[in-house]
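Close look at the chain arrangement
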Amino acid sequence: MKILGLFRHAKSDWHDPRARDFDRPLNERGRKGAETMGRHIRDHGVAWDRVIASPAIRCAETIEIASAAAARPIAVNWDRRVYLASSATLADLLRELDGDPGAVLMVGHNPGLEDLIFDLVPDDGSSPLRDVVEAKFPTAAFAVLELNIDRWADLKDNCARLVHLVRPRDLDPALGPQLA
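1. Section: the packing of helix α3 (residues 87–95) against helix α4 (residues 112–120)
Direction vectors running N to C along α3 and α4 enclose 75°, while the axes themselves pass 8 Å from each other. Taken together, the axis directions place α3 and α4 in an arrangement best described as roughly perpendicular. Contacts between α3 and α4 involve S87, L90, A91 and L94 from the former and G112, L113, D115, L116 and D119 from the latter. Residues belonging to the contact of α3 with α4 are distributed by class as follows: five nonpolar, two polar and two charged.

2. A look at the nonpolar core
Nonpolar side chains tend to gather and get buried jointly when the protein is soluble and globular. By size, the foremost hydrophobic cluster in this structure holds 30 residues, and its most contacted members are L4, L145 and L147. Listed by contribution, the elements that provide at least two residues to this core are β1 (2–8), α3, β4 (103–108), α4, β5 (142–147) and β6 (160–166). Leaving out residues up to four positions away in the same chain, L145 has contacts with K2, I3, L4, L6, I117, L120, V121, A160, R161 and L162. Residues I3, F7, C59 and A140 belong to the second largest nonpolar core, which totals 21 residues.

3. Focus on the pairing of strand β2 (residues 50–53)
The pairing of β2 with β4 spans four bridges and is parallel. Looking at the pairing, I52 lines up with M106 of β4. In terms of handedness, the path from β2 via helix α2 (residues 57–70) over to strand β3 (residues 77–78) forms a crossover that is right-handed.

4. A closer look at the packing of α4 against helix α5 (residues 128–135)
Running from N to C, α4 and α5 point in directions that differ by 145°, and their axes come no closer than 10 Å. Of the two elements, α4 crosses α5, and the hand of that crossing is left-handed. Residues E114, I117 and F118 of α4 form the contact with α5, whose participating residues are R130, V133 and E134. A per-class count over the contact of α4 with α5 returns three nonpolar, no polar and three charged.

Cut-offs and rules
Residues numbered from 1 in each chain as written. Predicted model: local features only at pLDDT ≥ 70, side-chain atom pairs only at ≥ 80, totals over all residues. Heavy atoms only, no water. Axes fitted to C-alpha atoms, helices over the stretch in contact; angles between N-to-C directions. Helix = DSSP H or I, 4+ residues; strand = E, 2+ residues; numbered from the N terminus. Parallel < 35°, antiparallel > 145°, perpendicular 65-115°, else oblique. Contact = heavy atoms within 4.5 Å. Nonpolar A, V, L, I, M, F, W, Y, C, P; charged D, E, K, R; others polar. Core = buried A, V, L, I, M, F, W, Y, C linked by side-chain atoms within 4.5 Å. Buried < 20%, exposed > 50% of the residue type's maximum accessible area, 1.4 Å probe, protein only. Pairing = 2+ DSSP bridges. Right-handed = clockwise from strand over helix to strand, strands pointing away. Left-handed = near helix turned anticlockwise from the far one by under 90°.

And the structure:
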């Protein structure tokens, strides 16, 4: 069995309309969300053998803040292919992993991360957490999947169980959606 963690970058800043998407930083709510989720990911207890992340500024800041809050510096494998990748591209990246690590954390973007959950977790009514993801996999959400495979090269659709899902608002209601 393999473990896959999916961590969506925290809430980014849209105030500069001239900024390239890749260069958008986190906003204040995003910084608080990344800090909160960093502590939660640490407390969840999985020892990540490999961290693969998009090098977009909002992902880099999410990782920096989350790892500081967790008091655990992490080595990150930055891979530009994660930036705005489709589910198919993300699955290919996982299949190509060297060394066959047991637990991999991927930090990236939607819709790719969300779609990866939909591809890996069967839509057969057995996963209430999958239903939550169908409603939305918001910024700074963290999901853990158990994959019924021995090697990453064997990754295929419907091979996973979604065993953990936490959104920032689950830990701090102030980090939830802004209601008008």
